[in-house]
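# Fold and geometry: a report
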Amino acid sequence: MEGEEVAVLYKMLVIDDEYLVRLGIQKTIPWEKYGIQIVGEAANGQQGLELALELSPDIIICDVRMPLMDGLEFVQRVNELELDCVMVMLSGYKDFDYAKESLEGGAFAYLLKPIDNHELVQTVLGALEHLKKKRASAVHYEHLQKALPSMAEKLLLDLITGDFTQAETLRETIRMYELPLPEQGYLVYGQIDSVPDLDFSKEQQGLKELYNQIHQVLEEQNVTHFGSVFESSVVFLVPHSLEQKMVEQLCQAGVERYESYEEAVVSVGISQIYSHLEGIQEAHKQAKQAAGRKLFPTINTVASFGTTATQYKPQVLEAMEFIAENYHKNVTVKMVADSLYVSESYLMHLFRDNVGKTFNECLVEYRMLMAKKLLQEGKLRVYEIAHRVGYSDPKYFSQIFRRHVGVPPSQYGDEHP
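Residues numbered from 1 in each chain as written. Predicted model: local features only at pLDDT ≥ 70, side-chain atom pairs only at ≥ 80, totals over all residues. Heavy atoms only, no water.

To continue, consider the overall build of the protein chain. For the protein chain, the helix and strand inventory stands at 16 helices and ten strands. Here the protein chain holds 417 residues, and the buried ones make up 45% of them. Restricting the contact set of the protein chain to residue pairs at least 6 apart, pairs at least 24 apart contribute 67%. Total accessible area on the protein chain stands at roughly 22,400 Å², and carbon and sulfur atoms take up 49% of it. (Helix = DSSP H or I, 4+ residues; strand = E, 2+ residues; numbered from the N terminus. Buried < 20%, exposed > 50% of the residue type's maximum accessible area, 1.4 Å probe, protein only. Contact = heavy atoms within 4.5 Å. Areas by Shrake-Rupley, 256 points an atom, 1.4 Å probe, with all protein chains shown as cover.)

Okay, here's the thing in structure tokens:
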């Protein structure tokens, strides 16, 4: 009913160096009627800031001109401390421009002295309404942030599977939440390669780490992107404004960082440009194919669809699997050809035509990649690594390594920790 007090909903702090102003604000307005309780008062900005930290008021009425800390500095400090409150500034006529500056600093409003009680009440109520909306938005944003990962996963899954039964709803979701989803771009697909002793939890850990590292590289380069971690893969969408080679380099940087945290081998594939959201399903197939057709097993790789690297014939991949299992032995073309039931000449021609390299060049390249991994680990001596990768003569191994890498193996471990 009219004049009846309501429960206290908001706390107010009054800061002014004039005692009579503070007294008038407290005694001449029935704040309880509006659900407001004055919980403290201060004669200067410094004391006021201490009370604000202690009492957590919802609204602060603060003079612009005060000793020790003026109103502008007070507003600045409140903002820096991210206090959840709203501020109304008071000023004399001569401080009009000064008070306007406080609004730019984050105050809700300013009032001129002498204070009109009705105007003060209406301003305070308006400020509290603003605070309610601000808090509601913050809660909504917090809920949204929690929901976004699952929302992103569902959204990407619909695009990947080509489920456009709710196409307009999907586009509306993108617009409503301003999701950074490129309508034209590349799809990046990452997977953990099959490893016998890799259980599901370790695979998930590896996928999350791969996602985090590529995400971090894209963030650092200010590349707009949209991605998610799925049960057996990670997927990113990046804009078409980048060249495919640049996307490849950024993914490679992410994979190199990943290697510092996880041992599980990964493959990353990059699609050709999709020109509309409906093209993401095909882009996903392209990127997955690029990731799955790697020449060098047990090595982390990044490959783009449409390059030679994604068009290896099955027998080439089977030959490289044989090399991956036996590179530490005296591997010959005949051994591999026999295992595939083909002639040596056929296998040699196959490598030249399909890979653009000879069989022996691929064998040596794979051995050098494995040698570099062992050198980075720093646990073995050079002669031990030579034997591990199929060379009985450490001196010959060092010559081959230097020819391919540019530095002797004794220096590589120091330069590439």
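Following the structure, the description resumes.
Bringing the sheet that holds strand β8 (residues 234-239) into the picture now. Read across the open sheet, the five strands follow the order β7-β8-β6-β9-β10; overall the sheet is mixed. This sheet does not close on itself; its edge strands, each paired only once, are β7 (226-229) and β10 (301-304). For this sheet, the mean angle separating the axes of adjacent strands, direction not counted, is 15 degrees. Note that strand β6 (residues 185-192) and strand β9 (residues 266-270) share five bridges and pair antiparallel. Pairing of Ile 192 across the sheet is with Val 266, part of β9. Along the sheet face, helix α7 (residues 200-220) touches β6, β7, β8 and β9 and points at about 15 degrees away from the line of β8. (Pairing = 2+ DSSP bridges. Axes fitted to C-alpha atoms, helices over the stretch in contact; angles between N-to-C directions.)

Take the packing of aromatic side chains next. A full pass over the atoms with the stated rule returns eight aromatic pairs. Ring geometry for Phe 351 versus Phe 359: centroids 5.5 Å apart, planes at 85 degrees, classification edge-to-face. Across the pair, Phe 359 and Phe 351 agree in class, each one buried. Relative to Tyr 412, the ring of Phe 401 lies with its centre 5.6 Å away and its plane at 80 degrees, an arrangement referred to as edge-to-face. Of this pair, Phe 401 sits in helix α15 (residues 394-405) while Tyr 412 sits in helix α16 (residues 409-415), placing them eleven residues apart in sequence. The burial state of Phe 401 is the same as that of Tyr 412; both residues are buried. (Phe/Tyr/Trp six-rings, centres within 6.5 Å; stacked < 30°, edge-to-face > 60°.)

Among the six residues of strand β4 (residues 86-91), six are classified as buried, and the element is accordingly described as predominantly covered. As defined by bridge partners, strand β3 (residues 59-63) adjoins β4 across five bridges and the pair is classed as parallel. Paired with Asp 63 across the bridge in β4 is Leu 90. At this point the chain moves from β3, through helix α3 (residues 71-80), to the parallel β4, and the crossover so formed is right-handed. Pairing of β4 with strand β5 (residues 109-112) involves four bridges; the strand directions are parallel. By the bridge assignment for β5, Ser 91 is matched with Leu 112. (Right-handed = clockwise from strand over helix to strand, strands pointing away.)

Let's shift gears to the packing of helix α13 (residues 359-377) against α15. Following both chains from N to C, one finds α13 and α15 inclined at 95 degrees, their axes separated by 10 Å at the closest point. As far as their axial angle goes, α15 and α13 are roughly perpendicular. Residues Val 364, Met 368, Ala 371, Lys 372 and Leu 375 of α13 touch α15, and the partners they reach there are Phe 397, Ile 400, Phe 401, His 404 and Val 405. Of the residues contributing to the contact of α13 with α15, the split by class is eight nonpolar, one polar and one charged. (Parallel < 35°, antiparallel > 145°, perpendicular 65-115°, else oblique. Nonpolar A, V, L, I, M, F, W, Y, C, P; charged D, E, K, R; others polar.)

Of the positions making up α3, those classed as buried are Gly 71, Leu 72, Phe 74, Val 75 and Val 78. Buried residues in α3, looked at end-on, bunch into an arc of 160 degrees, giving them a common side. At the N-terminal boundary of α3, the capping side chain belongs to Asp 70, with an oxygen 3.3 Å from the backbone nitrogen of Leu 72. Remark: Glu 82 follows α3 within two positions and exhibits a positive phi of approximately 55 degrees. (Arc of directions from axis to C-beta. Polar contact = N/O pair within 3.5 Å; in protein donor to acceptor, adjacent residues only side chain to side chain.)

This brings us to the nonpolar core. Counting residues in each nonpolar core, the largest one holds 42 residues, and the members touching the most others are Leu 347, Phe 351, Phe 359, Tyr 366 and Phe 397. Listing elements by their share of this core, those giving two or more residues are α10 (314-326), α11 (333-340), α12 (344-354), α13, α14 (382-388) and α15. A per-element tally of this core places α13 first, with eleven residues. Counting 24 residues, the second largest nonpolar core, distinct from the first, contains Leu 218, Leu 250, Val 255 and Val 302. (Core = buried A, V, L, I, M, F, W, Y, C linked by side-chain atoms within 4.5 Å.)

Using the criterion set out here, one finds 13 salt bridges in the structure. Here Glu 129 makes a salt bridge to Lys 132, at a shortest N to O gap of 3.5 Å. Of this pair, Glu 129 and Lys 132 both sit in helix α5 (residues 117-161), separated by three residues, roughly a single helical turn. Given a relative accessible area of 36%, Glu 129 falls into the partly exposed group. Two residues, Asp 193 and Lys 294, come together in a salt bridge whose shortest N-O distance is 2.7 Å. Note that Asp 193 is positioned in the loop between β6 and α7 and Lys 294 in the loop between α9 (280-292) and β10, a separation of 101 residues in sequence. With respect to burial, Asp 193 and Lys 294 carry one shared label: buried. (Salt bridge = Lys/Arg side-chain N within 4 Å of Asp/Glu carboxyl O.)

Over its 13 residues, α9 extends 18 Å from the first C-alpha to the last, a length consistent with the 18 Å expected when each residue adds 1.5 Å. Regarding α9, the residues found buried are Ile 280, Ala 283, His 284, Gln 286, Ala 287, Ala 290 and Ala 291. The arc that holds the buried residues of α9, viewed along the axis, is 165 degrees, so those residues lie on one side. (Expected span 1.5 Å × (residues − 1).)

Turning next to the sheet that holds β3. Strand order across the open sheet formed by five strands is β2-β1-β3-β4-β5, with parallel pairing between neighbours. A single partner strand is all that each edge strand has here, and the edge strands are β2 (36-42) and β5. Here the strands of the sheet are splayed against their neighbours by 20 degrees on average, with no regard to which way each runs. Of the strands in this sheet, β1 (10-15), β2, β3 and β4 are in contact with helix α1 (residues 19-27), which crosses β2 at around 170 degrees. Of the strands in this sheet, β1, β2 and β3 are in contact with helix α2 (residues 45-55), which crosses β2 at around 140 degrees.

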